[in-house]
Amino acid sequence: MSFLNGTSLTPVSFILNGIPGLEEVHLWVSFPLCTMYSIAITGNFGLMYLIYSEEALHRPMYIFLALLSFTDVLMCTSTLPNTLCILWFNLKEIDFKACLAQMFFVHTFTGMESGVLMLMALDRFVAICYPLRYTTILTNSVIAKAGLLTFLRGVMLVIPFTFLTKRLPYCRGNVIPHTYCDHMSVAKISCGNVKVNAIYGLMVALLIGGFDILCITVSYTMILRAVVSLSSAEARQKAFSTCTAHIFAIIITYVPAFFTFFTHRFGGRSIPPHIHIIMANLYLLMPPTMNPIVYGVKTKQIRTCITRFLLQGKDNPSHDI
């Protein structure tokens, strides 16, 4: 393998070194990751199929949930198969262009995940604060445009990552102490000035994560005010229950994401490398794994549809013709 591409300082490929310090137990680490990935794929595809097949779930809230499940599948699939190849078969080499592509997809889908959670918060705001206008405000056309704009926002803001990373000289080597190509993990092995990369990365985090969290906070502040003003205790309980699953999804998504983001930039040597890499994998894997479970347990309408679907399966056994 040639390290340098011609006379430039661009490597032909990178070496993803897995989880530093845990090389001896890579195989054992892979089992929980593989299990979570299997649950994520099965749960999210099952949830999307249920929403598609059940007419009772053809409502804005569940359409946004299907979009979240679709994003979850893409987000974890952008890294986990490659990570498992490293942990199982020691296949650590990744082409330079493939690394840039993976970096693009990772950050695009994580940005879209944040955007969909923001749209779901706005959906709950409209449903609780303007219930009589809910279906007229959130039409299928509005939902489609909101989803498309969320995707395009991520694409347009993440594309510069690839150019900023491609321009850097890599004269220190091509070994990345990670399981996938993350923007700052790749930039840090460069011998060039990565200040622009760090500043732009922070700007993107603020434009996507900061904006979405602000919208979520404002939405739930307004929701709380509306719910508290309700005279009926039953109505308050129903309003709170519709938001519970979404609040869990927000916590599951943003807590690991914030940990990964801040330790990458400010953690220095205080956080052991293997802890950081494990959290970086969980930050992409935990939301896809937990979201179908949380929504399946906390959302009454989904529980009812699952029960009816299972009972129909029992009533129509495969051997009956």
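Since the structure is predicted, the reported quantities are computational estimates derived from the model, not experimental observations.

Parameters at a glance
- Residues numbered from 1 in each chain as written.
- Predicted model: local features only at pLDDT ≥ 70, side-chain atom pairs only at ≥ 80, totals over all residues.
- Heavy atoms only, no water.
- Helix = DSSP H or I, 4+ residues; strand = E, 2+ residues; numbered from the N terminus.
- Rg over C-alpha atoms; globule rule 2.2 N^0.38 Å.
- Areas by Shrake-Rupley, 256 points an atom, 1.4 Å probe, with all protein chains shown as cover.
- Lys, Arg positive; Asp, Glu negative; His and termini not counted.
- Charge placed at Lys NZ, Arg CZ, Asp CG, Glu CD.
- Disulfide = S-S within 2.5 Å.
- Buried < 20%, exposed > 50% of the residue type's maximum accessible area, 1.4 Å probe, protein only.
- Axes fitted to C-alpha atoms, helices over the stretch in contact; angles between N-to-C directions.
- Left-handed = near helix turned anticlockwise from the far one by under 90°.
- Nonpolar A, V, L, I, M, F, W, Y, C, P; charged D, E, K, R; others polar.
- Core = buried A, V, L, I, M, F, W, Y, C linked by side-chain atoms within 4.5 Å.
- Contact = heavy atoms within 4.5 Å.
- Salt bridge = Lys/Arg side-chain N within 4 Å of Asp/Glu carboxyl O.

Caption draft 1: Structural detail: the overall build of the protein. The number of helices and strands found in the protein is 11 helices and 3 strands. Secondary structure elements in the protein, listed N-terminal to C-terminal, are β-α-α-α-β-α-α-α-β-α-α-α-α-α. In terms of C-alpha radius of gyration, the protein reaches 22 Å, essentially the compact-globule figure of 20 Å for 321 residues. Along the first, second and third principal axes, the C-alpha atoms of the protein reach 70 × 50 × 35 Å. When the accessible surface of the protein is summed, it comes to about 16300 Å², and 70% of that surface belongs to carbon and sulfur atoms. On the protein, the mean spot of the 22 positive side-chain charges and the mean spot of the 14 negative ones are 11 Å from each other.

Caption draft 2: Expanded view of the state of the cysteines. All told, the structure shown has 2 disulfides when counted by the stated rule. Through a disulfide, Cys171 is tied to Cys191; the S-S separation comes to 1.8 Å. As the torsion about the S-S bond is roughly 135°, the Cys171-Cys191 disulfide counts as right-handed. Placement of the pair is Cys171 in the loop between helix 6 (140–166) and strand 3 (175–176) and Cys191 in the loop between helix 7 (183–187) and helix 8 (195–228), with a sequence separation of 20 residues. By relative accessible area, which is 46% here, Cys171 ends up partly exposed. The partly exposed category is assigned to Cys191, whose relative accessible area is 28%. Taking only the cysteines that form disulfides and numbering them from first to last, the protein has the pattern 1-3, 2-4. Unpaired in terms of disulfides, Cys34 finds its nearest cysteine sulfur in Cys85, a separation of 11 Å.

Caption draft 3: Spotlight on the environment of Asn140. Locating Asn140 in the fold gives a position in helix 6. With a relative accessible area of 60%, Asn140 lands in the exposed category. In this structure the C-alpha to C-alpha distance between Asn140 and Ile63, which are 77 residues apart in sequence, comes to 9.0 Å.

Caption draft 4: Summary view of the packing of helix 4 (residues 96–129) against helix 6. With their axes 8 Å apart at the nearest point, helix 4 and helix 6 run at an angle of 145° to one another. Crossing hand, helix 4 versus helix 6: right-handed. The residue makeup of the contact of helix 4 with helix 6, split by class, is 13 nonpolar, 9 polar and 2 charged.

Caption draft 5: Spatial organisation of the nonpolar core. Residues Leu65, Met120, Ile216, Tyr295 and Ile302 are the most contacted members of the largest nonpolar core, which totals 43 residues. Of all the secondary-structure elements, those providing two or more residues to this core are helix 1 (26–53), helix 2 (60–77), helix 4, helix 6, helix 8, helix 9 (233–267), helix 10 (273–298) and helix 11 (300–315). Per-element accounting of this core gives the leading share, 11 residues, to helix 4. Sequence-distant contacts of Ile216, that is, excluding residues within four places in its chain, are made with Leu117, Met118, Ala121, Ile250 and Tyr254. By size, the runner-up hydrophobic cluster in this structure holds 24 residues, among which are Ile86, Ile94, Val186 and Tyr200.

Caption draft 6: Representation of the pattern of salt bridges in the model. Under the definition given, this model contains 3 salt bridges. In this structure, Arg308 engages Glu54 in a salt bridge whose closest nitrogen and oxygen atoms are separated by 2.9 Å. Placement of Arg308 in helix 11 and of Glu54 in the loop between helix 1 and helix 2 is noted, with a sequence separation of 254 residues between them. Judged by relative accessible area, Arg308 falls into the partly exposed class, the value being 33%.

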